[in-house]
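# A structural walkthrough
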Amino acid sequence: MALIKKFQVTFDCAEPERVARFWCEVLGYVVPPPPEGFATWGAFDRSLPPERQGAAFACTDPSGVGPRMYFQRVPEGKVVKNRVHLDVRVGTGLVGEERLAVLETECARLVALGAVRVRLLRADGVNESCIAMQDIEGNEFCID
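Notes on the structure in this doc start here.

Cut-offs used in this document
Residues numbered from 1 in each chain as written. Predicted model: local features only at pLDDT ≥ 70, side-chain atom pairs only at ≥ 80, totals over all residues. Heavy atoms only, no water. Buried < 20%, exposed > 50% of the residue type's maximum accessible area, 1.4 Å probe, protein only. Helix = DSSP H or I, 4+ residues; strand = E, 2+ residues; numbered from the N terminus. Pairing = 2+ DSSP bridges. Axes fitted to C-alpha atoms, helices over the stretch in contact; angles between N-to-C directions. Parallel < 35°, antiparallel > 145°, perpendicular 65-115°, else oblique. Left-handed = near helix turned anticlockwise from the far one by under 90°. Contact = heavy atoms within 4.5 Å. Core = buried A, V, L, I, M, F, W, Y, C linked by side-chain atoms within 4.5 Å. 1 Å grid on protein atoms, 1.4 Å probe; cavity = no way out; pocket = protein on both sides within 12 Å on 5 of 7 lines; lining within 4 Å. Points joined across faces, edges and corners; volume = space filled by probe spheres on them. Nonpolar A, V, L, I, M, F, W, Y, C, P; charged D, E, K, R; others polar. Lys, Arg positive; Asp, Glu negative; His and termini not counted. Salt bridge = Lys/Arg side-chain N within 4 Å of Asp/Glu carboxyl O. Polar contact = N/O pair within 3.5 Å; in protein donor to acceptor, adjacent residues only side chain to side chain.

So, about the pairing of strand β6 (residues 130-134). Of all five residues making up β6, four are buried, and the element is well covered by its neighbours. Pairing of strand β5 (residues 116-121) with β6 involves five bridges; the strand directions are antiparallel. Looking at β6, one finds that V116 is bridged to Q134. As paired strands, β6 and strand β7 (residues 140-143) are joined by four bridges and run antiparallel to one another. Looking across to β7, one finds that Q134 is bridged to E140. Counted between consecutive antiparallel strands, the loop separating β6 from β7 contains five residues, among which G138 sits at a positive phi close to 90°.

With that out of the way, let us pick up the packing of helix α1 (residues 16-27) against helix α3 (residues 96-112). Between α1 and α3, the shortest axis-to-axis distance is 10 Å and the interhelical angle comes to 155°. Considered as vectors, α1 and α3 are oriented roughly antiparallel to each other. At the point where α1 passes α3, the crossing takes the right-handed sense. Mapping the contact onto sequence places F22, E25 and V26 in α1 and E106, R109 and L110 in α3.

What follows deals with the nonpolar core. Ranked by size, the top nonpolar core spans 25 residues in total, and within it W23, M69, F71, M133, F141 and I143 carry the most contacts. Mapped by element, the contributors of at least two residues to this core are β1 (8-13), α1, β2 (56-59), β3 (68-73), β4 (86-88), α3, β6 and β7. Here this core gets six residues from one element, more than from any other, and that element is α1. If near-sequence neighbours (up to four positions away) are discounted, I143 is found in contact with V88, V90, L103, E106, C107, L110, C130, I131 and M133.

Moving on to the layout of surface pockets. Space inside the largest pocket adds up to approximately 530 Å³. Broken down by secondary-structure element, the contributors of at least two residues to the lining of the largest pocket are β1 and β7. At five residues, the largest contribution of residues to the lining of the largest pocket is made by β1. Of the residues belonging to the lining of the largest pocket, the class tally is eleven nonpolar, five polar and seven charged. Approximately 330 Å³ is the volume attributed to the second largest pocket. Looking at the second largest pocket, it is lined by 17 residues, and the ones nearest its centre are W41, F44, D45, A56 and F57. For the lining of the second largest pocket, the elements supplying multiple residues, two or more each, are α1, α2 (41-46), β2 and β3.

So, about the side chain of D135. Along the chain, D135 falls in the loop between β6 and β7. Here D135 sits buried without a salt bridge, and the closest side chain of opposite charge, R18, lies 7.9 Å off (N-O distance). In this structure the side chain of D135 is engaged in a polar contact, spanning 3.0 Å, whose partner is the side chain of W23. Aside from chain neighbours lying at most four places away, what touches D135 is F11, V19, F22, W23 and F141.

As structure tokens, then:
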């Protein structure tokens, strides 16, 4: 029998908390409670050495099913296309105009959060339609 492993998705970014909170809104994730002994994440962050303050943030699926999302500050900016990206599944099982309507509604919600619409990829007989987007730091993702 194969062992199923849990995993987290890690984002390199400039502003970990800002990007994490964006993805909380996109996915319905939550920020977990701060470590024991700290009333807030801000209090925990201020307890770190200055070079580590604001260096990382995380969010989790409140149901415990989805992977943990971890965001870490890196010195370099995004330069090229992501080799891995998230597909946010909002139109599963839908086809045609019904699917497009759901995708467009979700796209409008995410643009209001700061995402950028890149392009609509229409159904091609093999794949259903999806919308390519970028998060608030330019990381590619799709809503499908």
